[in-house]
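Architecture and fold: a report
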Amino acid sequence: MEELQRQMALVRSRQSDDVAQRMAVDIRHGDFHPTLLQEIRKTGALGKPLFVLLDSFGGPDIPFSLLQELGHLPRTEVMVTFEPSFLMRFAENHDGHRQLGDAAFGSQEWQAVFQQPSSQKFTFLREQYRAVLRRAGFTHTLYFEMIDEGNRKLYLIFGTRHELGLAKMKDALWTVDPSYGVRYRDLRDTQQQMLEIAFEPDTAPLRRILCEFISAAPDGRTIPELKRYTLLETVYRPTQVIDAVRQLRDEDTVATEPRTVNNKTRVRLATTRITPRPSAQQDALW
């Protein structure tokens, strides 16, 4: 508590007087639920635009009941840190840990993870938790798998009701200070390429993902369809789609009508395209 108070005082001291006056800091020690909502309600902020960071400490300690209450507020967005390894390692043979998992997921459906192949356990729990956020009222979710220099994995799962909020969060995540050594990867990429955090990251995984999406539509996809898919289903940003499609066109991987790529363009797989085989390591990763 004392160290946190010292750090917050330091942050305030580095701000202009105008900013510092608008910063209200309340540090408390105890159970965060229902205390968190009670304190927000006291400030009069409940129902106003809110970004709530719920940082779990390894285990499943964010109850579904809290997510539900936040999800009923249309202008509230959440970011949850989610580490599946705790449940995978300790919950199968421990009643208490399983009960914590039930409270976090709002049901026992997540326990099917114990019957999943080892390579699918992380993916299964991640998708279960995304479903939890949707059930709580957050219609759009964005997940990033973070891997630090020690190869430790952690999911950041963002929930919102608004596509604009999704786009803004994605922009923020891609402009994180790269000095922390954190990397992302998009789990839709068959080659599972690691992505360094940068303002304009390597879009090779995005190009592979778009090819798969385009291949599922016999008539191809429009640029607006590709942009919306990129926003809702990948770690990339819609602004990166046009350059990615141009590269695919120049490689003769896709055909564009007209050739100029803009929002009126339809994109199809080129008839001469040879589909590369998925990475042999794909199944081993998840």
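Right above here is the structure, for reference.
Reference entry: report on the structure contained in this document.

Rules used in this analysis
Residues numbered from 1 in each chain as written. Predicted model: local features only at pLDDT ≥ 70, side-chain atom pairs only at ≥ 80, totals over all residues. Heavy atoms only, no water. Helix = DSSP H or I, 4+ residues; strand = E, 2+ residues; numbered from the N terminus. Buried < 20%, exposed > 50% of the residue type's maximum accessible area, 1.4 Å probe, protein only. Contact = heavy atoms within 4.5 Å. Expected span 1.5 Å × (residues − 1). Arc of directions from axis to C-beta. Pairing = 2+ DSSP bridges. Axes fitted to C-alpha atoms, helices over the stretch in contact; angles between N-to-C directions. Phe/Tyr/Trp six-rings, centres within 6.5 Å; stacked < 30°, edge-to-face > 60°. Lys NZ or Arg CZ within 6 Å of the ring centre and 35° of its normal.

Scanning the protein chain from N- to C-terminus turns up 12 helices and 9 strands. The proportion of buried residues among the 286 residues of the protein chain is 44%. Considering only residue pairs separated by 6 or more positions, the protein chain has 58% of its internal contacts joining residues 24 or more positions apart.

Here helix α8 (residues 163–174) spans 17 Å end to end across 12 residues, near enough to the 16 Å set by a 1.5 Å rise per residue. Considered for burial, the residues of α8 that qualify are Gly165, Leu166, Met169, Lys170, Leu173 and Trp174. All buried residues of α8 fall inside an arc of 160° around its axis, so they share one side. For α8, the exposed residues lying more than 90 degrees away from the buried face are Leu164 and Lys168.

Let us now look at the sheet that holds strand β7 (residues 221–222). Backbone-to-backbone hydrogen bonds join strands into a sheet, with any given pair of strands oriented parallel or antiparallel. Spatially, the 3 strands line up as an open sheet ordered β7-β9-β8, and their pairing is antiparallel. Each of the sheet's edge strands pairs with one partner strand only, and the pair in question is β7 and β8 (254–257). Pairing of β7 with strand β9 (residues 266–269) involves 2 bridges; the strand directions are antiparallel. Residue pairing in the sheet places Thr222 in a bridge with Arg266 of β9. Taken strand by strand, helix α9 (residues 204–215) contacts β7, β8 and β9, and its axis lies near 90° from that of β9.

Turning to the packing of aromatic side chains, a few remarks are in order. What the rule picks out here adds up to 7 aromatic pairs. Centroid distance Phe213 to Tyr229: 3.8 Å. Interplanar angle 5°. Geometry classified as stacked. Pair noted here: Phe213 is in helix α9 and Tyr229 is in helix α10 (residues 223–233), with a separation of 16 residues, a long-range link. As far as the burial class goes, Phe213 and Tyr229 line up, both buried. In textbook terms, an aromatic cluster arises when at least three aromatic residues are bridged by ring pairs, as seen for Phe82, Phe105, Trp110, Phe114 and Tyr129. If you follow Arg126 out to its NZ or CZ, it ends over the ring of Tyr143, 4.3 Å from the centre. Positioned over the ring face of Phe213 is Arg221, at 3.7 Å from the centre of the ring.

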